[in-house]
Amino acid sequence: MEKHKGYQKHLADIRQIGLRPFFRKLTQDIPALYRLYLRLTNISVKKLSAIPNIRRASKVLDIGCGTGENLEYIRKFLNPSAELYGVDLEKNPVLPDYVSFLPCDIEEESLPFEESTFDAVISNFVIEHLRNPQRLFAESYRVLKGGGYFYCTTDYYTSLFCPEGYNFYSDPTHIRPWTKKSLKTLAKMTGFEVYKVGVLRWWEYLPLLPVFPLLNLLTPNDFSFIPYEIVGRTVYIIARKP
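None of the values given here were measured: they were computed from a predicted structure. (Residues numbered from 1 in each chain as written. Predicted model: local features only at pLDDT ≥ 70, side-chain atom pairs only at ≥ 80, totals over all residues. Heavy atoms only, no water.)

Novice: Can you help me understand the packing of helix α3 (residues 31-41) against helix α4 (residues 69-78) in this one?
Specialist: Each pair of packed helices can be summarised by the angle the axes make with each other and by the distance between the axes. Look at α3 against α4: their axes get within 11 Å of each other, and the N-to-C directions meet at 150°. One element, α3, and the other, α4, form an angle in the roughly antiparallel class. Here α3 runs over α4; the crossing is left-handed. For the pair α3 and α4, the contacting residues are Pro31, Tyr34, Arg35, Leu38 and Arg39 in the first and Glu69, Glu72, Tyr73, Lys76 and Phe77 in the second. When the residues that make up the contact of α3 with α4 are grouped by side-chain class, the tally is five nonpolar, no polar and five charged. (Axes fitted to C-alpha atoms, helices over the stretch in contact; angles between N-to-C directions. Helix = DSSP H or I, 4+ residues; strand = E, 2+ residues; numbered from the N terminus. Parallel < 35°, antiparallel > 145°, perpendicular 65-115°, else oblique. Left-handed = near helix turned anticlockwise from the far one by under 90°. Contact = heavy atoms within 4.5 Å. Nonpolar A, V, L, I, M, F, W, Y, C, P; charged D, E, K, R; others polar.)

If you want it as structure tokens, here you go:
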């Protein structure tokens, strides 16, 4: 059986849940609203702008690019001139055509690029699926140019305490969650300089905290994630190749 067969379809299907298709269609032609939509539905885009060289990067690679939303955010709001590349186990059916895609199993294979190719490498919600996570960091380091940056987001250890549907192990392909210290240690082991490490929180949802049970009753969406995203269940690191 193919590794994680059907997972790309699962990621594409998530985009069709509840009110997401309606708000995507409503906002996609209005840049300010579409940017807000992406920030409210994909927490990993929130710190893309904190990558020091992202606005001047000529080549950006997304490892585990999935539907391509993170690259879309970079193209639309941070760096429209960058060449965008993506790798994953297989190509997602909704991946935009402007992303140059190559299949790669980062746990078993080297990235299909030469050393020192990219100015920035991003990888969002991939490392928690890996039994050999250091390979992700090592391959990212190899293909980065000197002075380039690596941005990685993943599930924080607090996701272990979330209820059904938002719990870390609700995804059957998950291996382990991470902490700020474990990401920093792995980065240093691989040769990176740690630039930033922290927890991502969806403060934008704070006004809805008192009423999310009512929203669950009145809409097709499940807003039970709100308390846990305010506490923080996603951790990130930005690291630099010397």
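Novice: I keep staring at the packing of aromatic side chains and nothing clicks. Help me out?
Specialist: Both the distance between ring centres and the angle between the ring planes are used here to describe each pair of aromatic rings. If you walk through the whole model with that rule in mind, you get 19 aromatic pairs. Look at Phe113 and Phe118: their rings are 4.9 Å apart centre to centre, the planes differ by 85°, and that puts the pair in the edge-to-face class. Each member of the pair, Phe113 together with Phe118, is buried. Aromatic rings pair up to connect Tyr166, Trp202, Tyr205, Phe223 and Phe225 into one cluster. Directly above the aromatic system of Tyr98 lies the positively charged group of Arg75, at a separation of 4.0 Å from the ring centroid. (Phe/Tyr/Trp six-rings, centres within 6.5 Å; stacked < 30°, edge-to-face > 60°. Buried < 20%, exposed > 50% of the residue type's maximum accessible area, 1.4 Å probe, protein only. Lys NZ or Arg CZ within 6 Å of the ring centre and 35° of its normal.)

Novice: Help me out: how do you make sense of the pairing of strand β2 (residues 83-88) in this one?
Specialist: Side-chain positions along a regular strand alternate between the two faces of the sheet. With five of six residues buried, β2 lies mostly within the body of the structure. Pairing geometry for strand β1 (residues 59-63) and β2, over five bridges, is parallel. Residue pairing for β2: Leu61 is matched across the bridge by Tyr85. Where β2 meets strand β3 (residues 99-103), five bridges bridge the pair, whose relative direction is parallel. Within β3, the residue paired with Asp88 across the bridge is Pro103. (Pairing = 2+ DSSP bridges.)

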